[in-house]
Amino acid sequence: VVPHAIARYGAYISRGVIMMPSYINIGAYIDEGTMIDTWATVGSCAQVGKNVHLSGGVGIGGVLEPVQAAPVIIEDDCFIGSRSIVVEGAHIEKEAVLGANVVITNSTKVIDVTGPEKITYKGFVPARSVVIPGSYTREYPAGEFQVSCALIIGKRKESTDKKTSLNDALREHSLAV
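Residues numbered from 1 in each chain as written. Predicted model: local features only at pLDDT ≥ 70, side-chain atom pairs only at ≥ 80, totals over all residues. Heavy atoms only, no water.

**Notes on the pattern of salt bridges**
Quick reminder of the rule: One speaks of a salt bridge when a side-chain nitrogen belonging to Lys or Arg is within 4 Å of a carboxyl oxygen belonging to Asp or Glu. In DSSP terms, a helix is any run of H or I states spanning at least four residues, a strand is any run of E spanning at least two, and both are numbered starting from the N terminus. Working definition: with a 1.4 Å probe on protein chains only, accessible area under 20% of the residue-type maximum means buried, over 50% means exposed, and in between means partly exposed.
One pass over the structure, following the stated rule, counts 2 salt bridges. Among the salt bridges present, the one from Arg128 reaches Glu95, with a minimum N-O distance of 2.4 Å. With Arg128 in the loop between strand S19 (124–125) and strand S20 (129–140) and Glu95 in the loop between strand S14 (91–92) and strand S15 (97–98), the pair connects residues that are 33 residues apart, well separated along the chain. Classification of Arg128 by relative accessible area gives partly exposed; the value is 29%. When its relative accessible area of 23% is taken as the criterion, Glu95 is described as partly exposed.

**Details of the nonpolar core**
This is how it is decided: As used here, the term nonpolar core means buried Ala, Val, Leu, Ile, Met, Phe, Trp, Tyr and Cys residues forming a set that is joined through side-chain atoms within 4.5 Å. By the convention used here, residues are in contact when the closest approach between their heavy atoms is within 4.5 Å.
Residues Ile74, Ile92 and Ile104 are the most contacted members of the largest nonpolar core, which totals 32 residues. Ile92 has contacts with Ile73, Ile74, Glu75, Cys78, Ile80, Val86, Leu98, Ile104 and Val125, leaving out every residue within four places of it along the chain.

**What to know about the side chain of Arg156**
We count it as follows: In the analysis that follows, any N or O atom pair within 3.5 Å is treated as a polar contact, provided that within protein one partner can donate a hydrogen and the other can accept it, and provided that, for residues neighboring in sequence, both atoms belong to side chains.
Within the fold, Arg156 resides in the loop between strand S21 (143–155) and helix H1 (158–163). Separated by 3.1 Å, the side chain of Arg156 and the backbone oxygen of Glu95 make a polar contact.

**Here we look at the side chain of Ser44**
Relative to the elements of secondary structure, Ser44 occurs in the loop between strand S7 (41–42) and strand S8 (47–48). Owing to a relative accessible area of 2%, Ser44 belongs among the buried residues under this scheme. Reaching out from Ser44, the side chain makes a polar contact with the backbone nitrogen of Val63 at a distance of 3.0 Å. Contacts of Ser44, omitting those with residues within four sequence positions, involve Asn25, Ile26, Gly61, Gly62, Val63 and Leu64.

This is the structure in structure tokens:
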């Protein structure tokens with residue numbers, strides 16, 4: 001735990017978790033080997049799996065304010081890029097990679113554009129997906145406007161793992177972060 005990191009009493013922090021100056025709220029569950037990077041926040045009752053990397057400034061929502069029906073779930077081995085936001089009970093399946101500034105809410109369209117036809121999810125990212133911020137055109141009475149979404153642009157592969165493997169290298173060589 002690096003100074004100025006805070007975990008509220010009632011949060012579960014497993015062994016091997018690295019906390020840079022960050023905040024973990026009451027009821028959160030952080031599994032082993034996870035990195036909570038600088039200025040990342042983990043909300044009340046959020047569930048974060050093993051070997052997850054929450055990059056700088058990531059916001060993982062809780063269930064207390066505003067009151068939500070379900071906690072955010074980030075499964076094992078995910079990489080959540082800088083300044084990404086995952087809230088409102090969104091579910092990120094194992095080994096998914098969210099690029100910087102991706103926003104996933106319970107109503108965010110997550111559009112898989114890798115096949116011949118798009119597949120749309122809401123508030124859910126399938127396992128091993130690589131996701132970037134995007135937008136789609138929506139028509140309103142006042143005209144057409146761009147609405148934020150998240151785009152699945154591929155599946156995690158070896159080159160992706162190399163880009164997200166700093167924590168593994170540091171642990172393997174027993175170096176402090």
